[in-house]
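Commentary on secondary and tertiary structure
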Amino acid sequence: RVSILPALTINGIISYDIVPGSVNGEKFHQIPYTTPYPGPRSVIVMDNCNIHHGDEVRELIEDRACMFY
């Protein structure tokens, strides 16, 4: 079993990582290619995955001055 972590933009995939097994919060915290809002790649869209919830993820995104939905 593997997990694929893509970095997507409206222009397509700009990066990806293939991880053996499941993705944990530590791996998710390594978000590359973000820029401060309202710049390009400054909005992060997350689904209902457990690792997307929590203060650490919110702080990580806010520290990078990004918006998240």
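Residues numbered from 1 in each chain as written. Predicted model: local features only at pLDDT ≥ 70, side-chain atom pairs only at ≥ 80, totals over all residues. Heavy atoms only, no water.

Per an unreviewed UniProt entry, the protein goes by Tc1-like transposase DDE domain-containing protein and derives from Rhodocollybia butyracea.

Section: the side chain of Ser3
Structurally, the position occupied by Ser3 is in strand S1 (residues 2-9). Judged by its relative accessible area of 17%, Ser3 is buried. One polar contact links the side chain of Ser3 to the main-chain carbonyl oxygen of Gly21, over a distance of 2.7 Å. Dropping the residues within four chain positions of it, Ser3 is found in contact with Asp17, Ile18, Val19, Gly21, Ser22 and Val23. (Helix = DSSP H or I, 4+ residues; strand = E, 2+ residues; numbered from the N terminus. Buried < 20%, exposed > 50% of the residue type's maximum accessible area, 1.4 Å probe, protein only. Polar contact = N/O pair within 3.5 Å; in protein donor to acceptor, adjacent residues only side chain to side chain. Contact = heavy atoms within 4.5 Å.)

Observations concerning the confidence of the model for the protein
When pLDDT is averaged across the protein, the result is 77; 81% of the residues are at 70 or more. Of all helices and strands in the protein, the one with the weakest mean pLDDT is strand S4 (residues 67-68) (58), whereas strand S2 (residues 12-20) scores best (86). (pLDDT = per-residue confidence, 0-100.)

Overview of helix H2 (residues 55-63)
The set of residues buried in H2 consists of Val57, Leu60 and Ile61. Down the axis of H2, the sector holding all buried residues measures 90 degrees, keeping them to one side. Facing away from the buried side of H2 by more than 90 degrees, the exposed set consists of Asp55 and Asp63. (Arc of directions from axis to C-beta.)

Comments concerning a nonpolar patch on the surface
On the surface, Val2, Ile4, Leu8, Ile13, Tyr16 and Ile18 cluster together into a nonpolar patch covering about 670 Å² of accessible area. Put simply, the parts of the chain that give the nonpolar patch at least two residues each are S1 and S2. The residue Ile13 is located in strand S2 in this model. (Patch = residues over 30% accessible without salt bridge, like charges linked within 9 Å, V, L, I, M, F, W, Y side chains within 5 Å. Areas by Shrake-Rupley, 256 points an atom, 1.4 Å probe, with all protein chains shown as cover. Salt bridge = Lys/Arg side-chain N within 4 Å of Asp/Glu carboxyl O.)

Quick word on the pairing of S1
Of the pairings in the sheet, the one linking S1 to S2 comprises 8 bridges and is antiparallel in character. Its bridge partner being in S2, Val2 is matched across the sheet by Pro20. (Pairing = 2+ DSSP bridges.)

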